[in-house]
Amino acid sequence: QVQFVESGGGSVQPGGSLRLSCAASGFTFSNYAMNWYRQAPGKERALVATITSAGDSTNYADSVKGRFTISRDNAKSTVYLQMNSLKPEDTAVYYCNLHRGWDMYWGQGTQVTVSS
């Protein structure tokens, strides 16, 4: 079955950096685009970044453009989210996501807290 193991969250001061990782299993990782979402307290889950199956194209929410970078290593079945210049409004639980046909698959989430 599809599974994700996320890591790399934590607490950081404004302006700091974190790198999230999401190790995938249970499907042919290199065949699918992957996404990162986030959910802040009291808000709906929102798409942050998307990367194509080959890693040759990416898209970002306007709020993170120029600060976040999504990447992947198909040999390791892992997708990453490098987050720089973090702001307090980036505080959220971050989830990796696979959208396959009618189904959506989620990791367990990793907490990112940006605070001075």
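Structure: see above.
The following refers to the structure shown.

**Quick look at the nonpolar core**
Moving on, step 1. Core analysis: the largest hydrophobic core is formed by 29 residues, its most contacted members being F4, W36, V79, L81, M83 and Y94.
Moving on, step 2. Broken down by secondary-structure element, the contributors of at least two residues to this core are β3 (18-25), β4 (34-39), β5 (46-51), β7 (68-73), β8 (78-83), β9 (92-100) and β11 (110-114).
Moving on, step 3. Those residues within four positions of F4 in sequence are excluded, and the remaining contacts are C22, A23, A24, F27, M34, C96, L98, Y105, W106, G107 and Q108.

**Examining the pattern of salt bridges**
Moving on, step 1. Under the criterion given, the structure shown has three salt bridges.
Moving on, step 2. The shortest N-O distance in the salt bridge between R38 and D90 comes to 2.9 Å. Taken together, the residues R38 in strand β4 and D90 in the loop between β8 and β9 connect sequence positions 52 residues apart. Both residues of the pair, R38 and D90, count as buried.

**A look at the layout of surface pockets**
Moving on, step 1. If you add up the space inside the largest pocket, you get close to 160 Å³.
Moving on, step 2. Mapped onto the lining of the largest pocket, the elements with two or more residues apiece are β4 and β5.
Moving on, step 3. Per-element tally for the lining of the largest pocket: the top contributor is β5, with three residues.
Moving on, step 4. Split by residue class, the lining of the largest pocket holds six nonpolar, three polar and four charged.

**Brief notes about the packing of aromatic side chains**
Moving on, step 1. Counted according to the given criterion, the structure contains five aromatic pairs.
Moving on, step 2. Geometrically, the ring pair formed by F4 and F27 is edge-to-face, given 5.9 Å between the ring centres and 75° between the ring planes. A residue pair is termed long-range when its members are at least 10 positions apart, and F4 in strand β1 (residues 3-7) and F27 in the loop between β3 and β4 qualify at 23 residues.
Moving on, step 3. The class for F27 is buried, based on a relative accessible area of 13%.
Moving on, step 4. Residues Y37 and W106 carry aromatic rings whose centres are separated by 4.9 Å and whose planes lie at 70° to one another, so their mutual orientation is edge-to-face. In this pair, Y37 is assigned in strand β4 and W106 in strand β10 (residues 103-106), connecting sequence segments 69 residues apart.
Moving on, step 5. Through successive ring pairs, a cluster of aromatic residues spans F4, F27, F29 and Y32.
Moving on, step 6. Directly above the ring of Y95 sits R45, whose terminal nitrogen or CZ lies 3.7 Å from the centroid.

Definitions and cut-offs
Per-chain numbering applies: the sequence of each chain, read as written, is numbered from 1 onward. Predicted model: local features are reported for residues with pLDDT of at least 70 only, side-chain atom pairs are reported and counted for 80 or more only, and whole-chain, interface and lining totals are derived from all residues. Excluding hydrogens and water, the side-chain figures rest on all heavy atoms present in the structure. Definition used in this section: a nonpolar core is a set of buried Ala, Val, Leu, Ile, Met, Phe, Trp, Tyr and Cys residues joined via side-chain atoms within 4.5 Å. Note on exposure labels: buried denotes an accessible area under 20% of the residue type's maximum, exposed denotes more than 50%, and partly exposed covers the range between, all computed with a 1.4 Å probe on protein chains only. Elements are defined by DSSP. Helices are runs of H or I of four residues or more, strands are runs of E of two residues or more, and each kind is numbered from the N terminus. The contact criterion used is simple: two residues touch if any of their non-hydrogen atoms lie within 4.5 Å. Any carboxyl oxygen of Asp or Glu within 4 Å of a side-chain nitrogen of Lys or Arg constitutes a salt bridge here. As defined here, a cavity is a set of points on a 1 Å grid over the protein atoms alone where a 1.4 Å probe fits but cannot get out. A pocket is an open set with protein on both sides within 12 Å along at least five of seven lines, and residues line them when an atom is within 4 Å of a point. Grid points are joined across faces, edges and corners, and a volume is the space filled by probe spheres set on the points. Throughout, the ten residues Ala, Val, Leu, Ile, Met, Phe, Trp, Tyr, Cys and Pro are labelled nonpolar, Asp, Glu, Lys and Arg are labelled charged, and all others, Gly among them, are labelled polar. To pair, rings of Phe, Tyr and Trp, with the six-membered ring standing in for Trp, must have centres within 6.5 Å; the planes then decide the type, stacked if under 30 degrees apart, edge-to-face if over 60, and tilted in the middle. Note on criteria: charge over ring means Lys NZ or Arg CZ within 6 Å of the ring centre, with the direction from the centre no more than 35 degrees off the ring normal.

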